[in-house]
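Observations on the model geometry
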Amino acid sequence: IPTGDTVRKEYQTTPAPTPATQMATTTPTPTSTTTDPSTTVPQPTTTPAATRITAAPAKTRPGPHRVRDMAFRGTSTSASNRNILRHSTGAQRQEPAATFQRAASSPVHLAMEIDSWKPGLSLFDTGFSSKEELNPKPLESISQGNQNCKIDLSFLMDGSWSIGKRRFQLQKRFLGNVAQALGIGSAGPLMGIVQYGDDPSTEFNLKTYANSKDLRNAIEKIQQKGGLSNVGKALSFVNKNFFLDANGNRGGAPNVVVVMVDGWPTDRVEEASRLARESGINIFFVTVEAAAQSEKQNVIEPNFVDKAVCRTSGFYSINVPSWFSLHKAVQPLVKRVCDTERLACSKTCLNAADIGFVIDGSSSVGTGNFRTVLQFVANISKEFEISDTDTRVGAVQYTYEQRLEFSFDKYSTKQDVLNAIKRISYWSGGTSTGAAISYASEQLFSKSKPNKRKIMILITDGRSYDDVSVPAMAAHQNGVIAYSVGVAWAAPDELEAIASDPAKDHSFFVDEFDNLYRYVNQLIQNICTEFNSQPRN
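Residues numbered from 1 in each chain as written. Predicted model: local features only at pLDDT ≥ 70, side-chain atom pairs only at ≥ 80, totals over all residues. Heavy atoms only, no water.

1. What about the pattern of salt bridges?
- Following the criterion strictly, the structure yields 10 salt bridges and no others.
- The closest approach of N and O atoms between Glu271 and Arg274, which form a salt bridge, is 2.6 Å. A residue pair is termed a helical-turn pair when its members lie 3 or 4 positions apart in one helix, as Glu271 and Arg274 do in helix 9 (residues 270-278) at three residues.
- For Glu271, a relative accessible area of 45% puts it in the partly exposed group.
- Relative accessible area serves as the criterion here: at 29%, Arg274 is assigned to the partly exposed category. (Salt bridge = Lys/Arg side-chain N within 4 Å of Asp/Glu carboxyl O. Helix = DSSP H or I, 4+ residues; strand = E, 2+ residues; numbered from the N terminus. Buried < 20%, exposed > 50% of the residue type's maximum accessible area, 1.4 Å probe, protein only.)

What follows is the structure, given as structure tokens:
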């Protein structure tokens, strides 16, 4: 899988203009500047219109072009001016000088000062020293970083033409300030950047830079790609290519994606976001200058943020009214991405369960078939991410009596769990399945962690000598999701009573032990389908 420069060359289809052919801007030089140093942006050199046209010729592209206003923001414009098709000819939105002169008490400045999750924030705001940042420096030694924020972070950077050169510079400054505030380091957060336009490309991955200063210097050197704002395509790319071991993904650190969007995407994000969430990626959106009322008919996917994020509570999205107030979002964003306890998408069907196997060891099973059952249990277990903080596994064997083979907190690695399953010895005896369910509820599931899904998988080959419905109902009411697997002479009515609703998704039957393996994948798929169907609010 290509990374770094290779990916960039492979995916980049719209070349960034060179300094000799920069796109023209008619933004007047402001007569006064804001008191915030981070919003003072050097004026780009104006070049003749003829040069601009040759720099980025119009190109026919599949799909709709973004429609945004090309007139001054904040001024009265006609509908025809606001809805000019914006081809990839280097056209940019133009910013009036008045934007730099907003009063400190205006809604734009106040909008980002309120963070309902962490009131009273001290908002991070610092400018760059251009001399220090632009001079190439040798790489510093690896930093340990902020160990209270161990995350693997990918920024999806908007490189589309609609953002314009000045806003692209503000976006880079924002990313640099976020990198500084995070405290990048090998034992803390690591950060890579993917720039998207028509197609995404990796600017650098998680292991490229191990301290904030080198990362900020690298961000300053990023050149704008141009093109459309294909966010859905970028999310698919990140899901498949970014969080890999070869790119520095650490496994134990939550995967976080922050998507920067100027206005709105030019493709659909819902499906790509769903697949990313199900892979355990926490998606945040920072949207800037959202569609005005007159522009909303041009938005391909209304409410695209709610369709993309892990939870629709507002925690995963920050809307900024202007690129010139983006710096106020630095600290709210940093606090949220570092709040690892609230990164709900890190919890997947494979790493957020306590799975208790309840295994029939009665005489009718026999020694050979019992080994087949244990292989079935092992085949299921090995598909999960097992550790003391991820999925945990426990096991009970029963006949007339019950025996705790091992509890949830006994083993914290997959290999230890598989070895423990292999060591379970066949007991032999009667079949009291109801009593076994009660025993598992008390010895295993009463000790589950609050944030874990409690999953019971019961395997039996015959009718129980006692009632199963009352113990099963009690387990269900205590939050245990029960799957029943019957073999040979198991009673269908009991299997349905043991299983959670709907029984057809939680109850399985095979005619002989040697066919148990056929249900391994189906069982795991059903566990994941149920997990992913949980409401996202």
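2. Quick notes on the environment of Glu295
- Within the element layout of this structure, Glu295 appears in the loop between strand 5 (281-288) and helix 10 (304-308).
- The buried category is assigned to Glu295, whose relative accessible area is 0%.
- C-alpha separation for the pair Glu295 and Gly263, spaced 32 residues apart in sequence, amounts to 9.8 Å.

3. Focus on helix 7 (residues 212-220)
- Judged by how many residues are buried, helix 7 sits mostly within the fold: eight of nine residues are covered.
- All of the buried residues along helix 7 are Ser212, Asp214, Leu215, Arg216, Asn217, Ala218, Ile219 and Glu220.
- Between a side-chain oxygen at the N-terminus of helix 7 and the backbone nitrogen of Lys213 the separation is 3.2 Å; the capping residue is Asn211. (Polar contact = N/O pair within 3.5 Å; in protein donor to acceptor, adjacent residues only side chain to side chain.)

4. Considerations on the sheet that holds strand 3 (residues 200-204)
- Taken in spatial order, the six strands of this open sheet run 3-2-1-4-5-6, and their pairing is mixed. Since the sheet does not close on itself, it has two edges, and those belong to strand 3 and strand 6 (317-320), each with one partner. Between one strand axis and the next, the sheet turns through 20 degrees on average, direction left out of account.
- Sheet topology places strand 5 next to strand 6; four bridges connect them, and they run parallel. Opposite Val288, over in strand 6, you have Val320 as the bridge partner.
- Where helix 11 (residues 330-337) meets the sheet, it contacts strand 1 (152-158), strand 4 (255-262), strand 5 and strand 6, and its direction lies at approximately 175 degrees from that of strand 6. (Pairing = 2+ DSSP bridges. Axes fitted to C-alpha atoms, helices over the stretch in contact; angles between N-to-C directions. Contact = heavy atoms within 4.5 Å.)

5. Observations regarding the side chain of Lys225
- Relative to the helices and strands, Lys225 is located in the loop between helix 7 and helix 8 (231-241).
- No salt bridge is formed by the buried Lys225; the nearest opposite charge belongs to Asp199, separated by 6.5 Å.
- Reaching out from Lys225, the side chain makes a polar contact with the backbone oxygen of Asp199 at a distance of 3.2 Å. (Lys, Arg positive; Asp, Glu negative; His and termini not counted.)

6. Remarks on the nonpolar core
- Counting 73 residues, the largest nonpolar core has Phe155, Phe174, Leu182, Met191 and Phe285 as the members making the most contacts within it.
- The element contributing the most residues to this core is helix 6 (residues 164-182), with seven residues.
- Residues within four places of Phe174 in sequence aside, it is in contact with Phe155, Met260, Leu326, Ala329, Val330 and Leu333.
- Counting residues in each nonpolar core, the second largest holds 42 residues, with Ile355, Ala378, Phe384 and Ile524 among its members. (Core = buried A, V, L, I, M, F, W, Y, C linked by side-chain atoms within 4.5 Å.)

7. Description of the environment of Asn177
- Structurally, the position occupied by Asn177 is in helix 6.
- On the basis of relative accessible area, Asn177 is assigned to the buried category, the value being 1%.
- Separated by 154 residues in the primary sequence, Asn177 and Gln331 have C-alpha atoms spaced 9.3 Å apart.

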